Amino acid sequence: MECGALSLLGSVTALRLVGDFVLSGEGACVSLHAQNSTNGHGKKLSCNVLRNYSVHGIEPRHAACGPTLLAVFGGKGVAVVELRDQGGEPELRPTGQLYELHDWIWDLRWLPAADQPAGRLALALGHNSVALCDYWERRILREVHCEEKCILYSACLVGQSWDELALVSGTVFNQLVLWRMEGPTDGSGRVRAGRRISGHSGVIFSIDYLEQNGVLASASDDRSIRLWKVGNLRRELEDSDCETECLLRLYGHQSRVWRVRLLEDHIISVGEDSACLVWSYGGRVTDTFRGHRGSVRALAVSEDGEWVATGGADSGIRLWKIGDNKPEDVAVTQLHFGKAEDTRNPRALCSVDPTLVLVMTGAGSIYSYCLDTGEWKCLLADPNYQSYGLLAADRLPSGTVLCVLGNIEGCLKAFPLSKPEGAVEWRGHQGKVHSLSWASRGGGQGLDRGNLFSSGTEGEMVWWEVGWAGGRVSWAARGRFHLPPCRHRWHTSAAFVPGTPYLVCGNRRGSVLLYPAEGGPAGAWRPISALLGLHGKSGVTSVLCHRGLLYSTGRDGCYRQLRVEEGGRLGLLRSQRACRGVEWVERLVPAPGGTHLLALGFRGNDFMAWCPETEQWLLRVPCGGGHRSWAFSSSDGGQHLFAYIKSGAVFACRGRLVAGGSGRVVKEAWHGREITCVRLVASPEAHTSVLVTGSEDTAINVLALDQASGRVTKLAAIGDHISSVRTLAVAGSRSRGSQPLLLSAGGRAELQCCRLLFGLKDTDVSLRCQVEHLGSHRLAEDWERRKNRHRMLKMDPETRYMSIVVVDGGMDPGTDPHFSWHFLGAACSDGAVRLFVIDEGEKKILLLAESFYHQRCVLKLQTFTHQLTSTGRRVFLCSAATDGRIALWDISLIIEKAKATNIFPERTHQPWDLGSPCLVFKAHQCGVNGLDIRPLDDGRYLLASGGDDNAIRVWVICVVSGNLGDDQLVPSTGEQREVTDMELMGSRNGEERWNNTAVDSQVEDTGWNHLEVITDGWSTDKRAALWVLKGPCVESAHAAHVTGLRILSSRLLASASIDQRLTHWALSSCGLSLVQSRWCQVADIAELEIWDGDPLGTRLYAVCGDGLQVLKSWQKGDLCGLKTDGANAGSPK
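None of the values given here were measured: they were computed from a predicted structure. (Residues numbered from 1 in each chain as written. Predicted model: local features only at pLDDT ≥ 70, side-chain atom pairs only at ≥ 80, totals over all residues. Heavy atoms only, no water.)

**Some thoughts on the overall build of the protein**
Part 1 of the reasoning: Across its full length, the protein holds four helices and 87 strands.
Part 2 of the reasoning: Per-residue burial over the protein gives 60% buried out of 1133 residues.
Part 3 of the reasoning: A separation of at least 24 residues holds for 51% of the contacts in the protein among residues at least 6 apart in sequence.
Part 4 of the reasoning: Total accessible area on the protein stands at roughly 45200 Å², and carbon and sulfur atoms take up 45% of it. (Helix = DSSP H or I, 4+ residues; strand = E, 2+ residues; numbered from the N terminus. Buried < 20%, exposed > 50% of the residue type's maximum accessible area, 1.4 Å probe, protein only. Contact = heavy atoms within 4.5 Å. Areas by Shrake-Rupley, 256 points an atom, 1.4 Å probe, with all protein chains shown as cover.)

**Here we look at the packing of aromatic side chains**
Part 1 of the reasoning: The tally for this structure, following the rule as stated, stands at 31 aromatic pairs.
Part 2 of the reasoning: Between W110 and W136, the ring centres sit 6.2 Å apart and the planes meet at 40°, which makes this aromatic pair tilted. Here W110, found in strand β11 (residues 105-113), pairs with W136, found in the loop between β13 (129-134) and β14 (139-145); they are 26 residues apart in sequence, far enough to count as distant.
Part 3 of the reasoning: Residue classification places W110 among the buried positions, given a relative accessible area of 8%.
Part 4 of the reasoning: Given the relative accessible area of 30%, W136 is considered partly exposed.
Part 5 of the reasoning: Pairing W426 with W464 gives two aromatic rings, centres 5.6 Å apart and planes at 65°, and the pair type is edge-to-face. Of this pair, W426 sits in strand β38 (residues 424-427) while W464 is found in strand β41 (residues 460-469), placing the two residues 38 residues apart along the sequence. Exposure class is identical for W426 and W464. Each is buried. (Phe/Tyr/Trp six-rings, centres within 6.5 Å; stacked < 30°, edge-to-face > 60°.)

**Focus on the environment of G202**
Part 1 of the reasoning: Structurally, G202 is set in the loop between β18 (195-197) and β19 (204-210).
Part 2 of the reasoning: Measuring from C-alpha to C-alpha, the distance between G202 and D221 comes to 4.7 Å, with 19 residues separating the pair along the chain.
Part 3 of the reasoning: In this structure, G202 is in contact with N174, S220, D221 and D222, ignoring residues within four places of it in sequence.

**Concerning the pairing of strand β29 (residues 317-321)**
Part 1 of the reasoning: Burial runs high along β29: four of the five residues are buried.
Part 2 of the reasoning: Across five bridges, the pairing between strand β28 (residues 307-312) and β29 is antiparallel. Considered in β29, the bridge of T310 is made with R318.
Part 3 of the reasoning: Hairpin connection from β28 to β29: four residues lie between these consecutive antiparallel strands, with S315 at a positive phi of about 70°.
Part 4 of the reasoning: Here three bridges tie β29 to strand β58 (residues 664-667), and the two strands are oriented antiparallel to one another. Pairing of L319 across the sheet is with R664, part of β58. (Pairing = 2+ DSSP bridges.)

**Digging into the side chain of E1089**
Part 1 of the reasoning: Its location among the elements puts E1089 in strand β85 (residues 1087-1092).
Part 2 of the reasoning: Given the relative accessible area of 9%, E1089 is considered buried.
Part 3 of the reasoning: Polar side-chain contacts of E1089 include one of 3.4 Å to the side chain of R1046.
Part 4 of the reasoning: For E1089, the contacting residues outside a window of four places in its chain are V678, R679, L680, R1046, L1100, Y1101 and A1102. (Polar contact = N/O pair within 3.5 Å; in protein donor to acceptor, adjacent residues only side chain to side chain.)

**What about the pairing of strand β16 (residues 166-171)?**
Part 1 of the reasoning: Of all the six residues making up β16, six are buried; the element is thus mostly covered by neighbouring parts of the structure.
Part 2 of the reasoning: Of the two faces of β16, both are covered, the one formed by A166, V168 and G170 as well as the one formed by L167, S169 and T171.
Part 3 of the reasoning: As paired elements, strand β15 (residues 152-158) and β16 share six bridges and run antiparallel to each other. Of the residues in β16, the one forming a bridge with V158 is A166.
Part 4 of the reasoning: What sits between β16 and strand β17 (residues 176-180) in their antiparallel hairpin is a turn of four residues, with N174 showing a positive phi close to 65°.

**Some words on a nonpolar patch on the surface**
Part 1 of the reasoning: A grouping of I151, Y153, V172 and F173 is seen on the molecular surface, where their side chains present a nonpolar patch of about 360 Å² in accessible area.
Part 2 of the reasoning: Its place among the elements puts V172 in the loop between β16 and β17.
Part 3 of the reasoning: Judged by relative accessible area, which is 32%, V172 ranks as partly exposed. (Patch = residues over 30% accessible without salt bridge, like charges linked within 9 Å, V, L, I, M, F, W, Y side chains within 5 Å. Salt bridge = Lys/Arg side-chain N within 4 Å of Asp/Glu carboxyl O.)

**Some words on the confidence of the model for the protein**
Part 1 of the reasoning: Confidence in the prediction for the protein averages 86 pLDDT; 87% of positions are at 70 or higher.
Part 2 of the reasoning: Counted against residues more than four places away or in other chains, residues 967-1006, with its pLDDT under 50, gives 76 contacts.
Part 3 of the reasoning: Scored below 50 in pLDDT, residues 1123-1133 makes 35 contacts in the model with residues more than four places away or belonging to other chains. (pLDDT = per-residue confidence, 0-100.)

**Re helix α2 (residues 892-900)**
Part 1 of the reasoning: Listed in full, the buried residues belonging to α2 are S892, I894, I895, A898 and K899. Considered in projection along α2, the buried side chains sweep an arc of 165° and stay on one side of the axis. (Arc of directions from axis to C-beta.)

**Structural notes on the sheet that holds strand β81 (residues 1042-1049)**
Part 1 of the reasoning: Sheet architecture is open: four strands sit in the order β81-β82-β83-β84, paired in antiparallel fashion. What marks the edges here is a single partner per strand, and that holds for β81 and β84 (1071-1079). In this sheet, adjacent strand axes meet at a mean angle of 20° when their direction is disregarded. (Axes fitted to C-alpha atoms, helices over the stretch in contact; angles between N-to-C directions.)

**Considering the sheet that holds strand β34 (residues 375-381)**
Part 1 of the reasoning: Across the sheet, which stays open at both edges, the four strands sit in the order β31-β32-β33-β34 with antiparallel pairing between neighbours. The open sheet has two edge strands with one neighbour each: β31 (346-353) and β34. Each neighbouring strand pair of the sheet contributes to a mean axis angle of 25°, computed without reference to strand direction.
Part 2 of the reasoning: The pairing of β31 with strand β32 (residues 356-361) spans five bridges and is classified as antiparallel. Note on β32: the bridge partner recorded for C350 is L358.

**Comments concerning the nonpolar core**
Part 1 of the reasoning: Among the nonpolar cores identified, the biggest contains 37 residues, and L50, V78 and L121 are the most heavily contacted of them.
Part 2 of the reasoning: Among the elements of the structure, β2 (12-18), β3 (21-26), β4 (29-34), β7 (68-74), β8 (77-86), β11, β12 (116-125) and β13 are those that each provide at least two residues to this core.
Part 3 of the reasoning: Setting aside anything within four residues of it in sequence, one finds V78 in contact with L50, V72, F73, Q97, L98, Y99, L101, I105, L108, L121 and Y135.
Part 4 of the reasoning: Of all hydrophobic cores here, the second largest spans 27 residues; its members include M811, V833, V837 and A849. (Core = buried A, V, L, I, M, F, W, Y, C linked by side-chain atoms within 4.5 Å.)

Dropping the structure here:
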């Protein structure tokens, strides 16, 4: 069996800008990207150069002619790669094998050599020494040590030749030690330190030196950056004329500072707080770049000092322009009335394009302001609109701008902007006009007509068709709509649903309503579908139809994705928070180009334009908050206008919508923190697999993996969780055919359920994924609804779901009335095993039953179903806890009871008692983090477990139907028995025989006989007997905790561990024998997922932890080798 790496999504640990390319270090690979890339497609190629070491730095050596040499180093290894760029086709070509040293490498410098045209390498090592290395001859020419014997956390080499070479080392004692290679030595031959600089209160992570200014910068664990005046380090460090002076202490990062770079005019730093700060030499922050989801570990600056590249733990790479126009630097201008100033304050304003602002004053006057000419113009004045007035304007398809006014008496006045004297007034309502809004209907309507909606008293909304033709304004009532009763009974926005005879609107109560737009009954039309209180009591702020979907926004900080289902019913697809900190979302508008949607809203005192899909904010204006009249308009070219009223004055800012605040995306970001779980969802296309990943950053990503190239594309991002995502499960949809259900759970005892809808994009053949939210459940909310809860112990708010598994409920689509139900088992950190039922049709989740038998954290959960010959089917749960014990539960009666009881209509359901397990046995000395079950043959099941004791154990579970009185079914002990620790220890003599037995992979093992029975028990109804037989074991299968385990067949098992090893084991009743072990580039592996690949005979493995890596295995001799991005390399020694 052969196994190689297919794809890697890991932290970016090193960056370098070389010409038009961005070079990045990800794991052991060096990747090349184009600087002008706007998405992940800009990745040109990748090459594994360090095998089992992570790239720490990339140092180029430019030649007058020929390729650029790149010295790549990390860990204890260094390799040289050629970068060739011929005709726009770059190429990375290793010049030799990996050269491994005896110590860690912190810095590298190219040095000229007369006898070596390519030069030699000076390497700063981890124990405060410097080695002169001839890479091509594979030998160390010289190594010098400093008298300061300590471990280094950072180092910086200064100089262009060995004679003048100096090292600035950041020690574990929070000091900077400066010493020269040719400095004076002590009696033991170690070089004396020239200077020692103290001041930091934490270890030093990064050092940089700017020779032309004689300034040294250091970044530390104490969150500070310090600048030191050290002079020219190429001269003698003991020069008394150059004293060390601390020039600046810079505090701006909220966490540890990882990297610092010195430029002629700026200081650049990145840190654990996801920020890149640009400082002046006066100590002021001049730029703040934010866009990464996690810690920023890598930093590079272009040769001209204009561009900064950052790489983070989210695997993303961004480019920033120093001094470029940023959203926080928008120019806000006050629009002075001048001679046209009214005696009363402006009350309302609107805008139809970025060049024009319309203002309504308290005296009932309407003014227009042209931003191109800077002139005010009075359009009309009507005292009937002075005490209360509404203003709305829209540009008709013909180009005419129509303005409409509404007053407290129910009158409406319409006029064209080009001829305000042609205004027409009519009485639209019997009382006050509460709201006005325009809606576009698209085709089927004349170019000179528009659609106006007005709300009056008693909840009546009227649809007016207003036009301008023949030099006169026309109006006609097209329909009247009845709004549901509520305190604030008026609409806030309306939109026609394209391709359907429906109108959707939002009201002040926070509801989204669907009405017929034509062919309705006489009188006021009532809603045919409603999502009441969808956005809470603060109201719906806008509705929008975009690319076949409906979107609504509200002052609850969320926007929701809707659709019109069959039969004219509104369906909620998903709810998503626009941006962290934005609690007031006013509108969604298409971004320039129409590919994304921008969320407009308020964050504190600022107005913001944010792109949720790319997680970039494009505009930020300090306007004072959202409780004011404001207007926003944009053009196809990206020009925008934001106007608002503040303190009785009109302000406006105009510019271009650019992602200046979030940088240019070179490589797409994934997760900002550790990935805790990964699951295969589907394979909708040949050579394509869809994976979902959950992370500590509370996000879930849906990814498409190309099995041939290893390319990974993000299809969707789900951010519904309020805490970390710990576990995932996938179930088949009962109502949507092949569309799968995704179940996710994690911190704060939160469970989420959504449906993934896959399809092809309209523009190409690539996949698209739409997420439909089905329901959520939190134990804290469930506890609040329980009866007599004052007598119960309140649920711990820190409870986490550790593992979830979909349970086979035996639903028959033809006869079962609850066919849309799904059963879900959950292992919880509070010691409980819980069983949920999910009604896919009603979009509800209910806690069905629970048991606190384990009394300690339950880590893993698995399930299997056994079909009895005479007494039906039995459904079992297998739970494993931190004490190393595994329990088997018979939940068949609970499921049958739920199916026979209509539990969902109950207002509050008290969870049933899950009872006690059928049997319990000791499997490991401590926690069990790997668990898998596979049918062996009729009535027998293989159970494999991996524990924190580094061991892998295999068991056989036997299930036989019958009655308690049958003699032949009485277990070996005649009663339920739990294996003791002494029995577990005593059985290891037999395990040594198994471990030393060679397994012939060509002989099918059909026996699994003659195994020791360690415990037994009965099912809940005493109609099935269970035995647990002890199988083979490997005590030290890995060097650390086993965190992933899968039974691939009755003869093959795969395991993964924190020791970064993916291992295959030959499996039989005689023992476990090692087949192959493969090193992975993901640290702290949390989970393992395996599925069959394409072509037949290949398998794909996904390991997650500090990143995500996909590997591919095939049989020797097959021609399905890897066509990867270069991430494939041999295993380390």
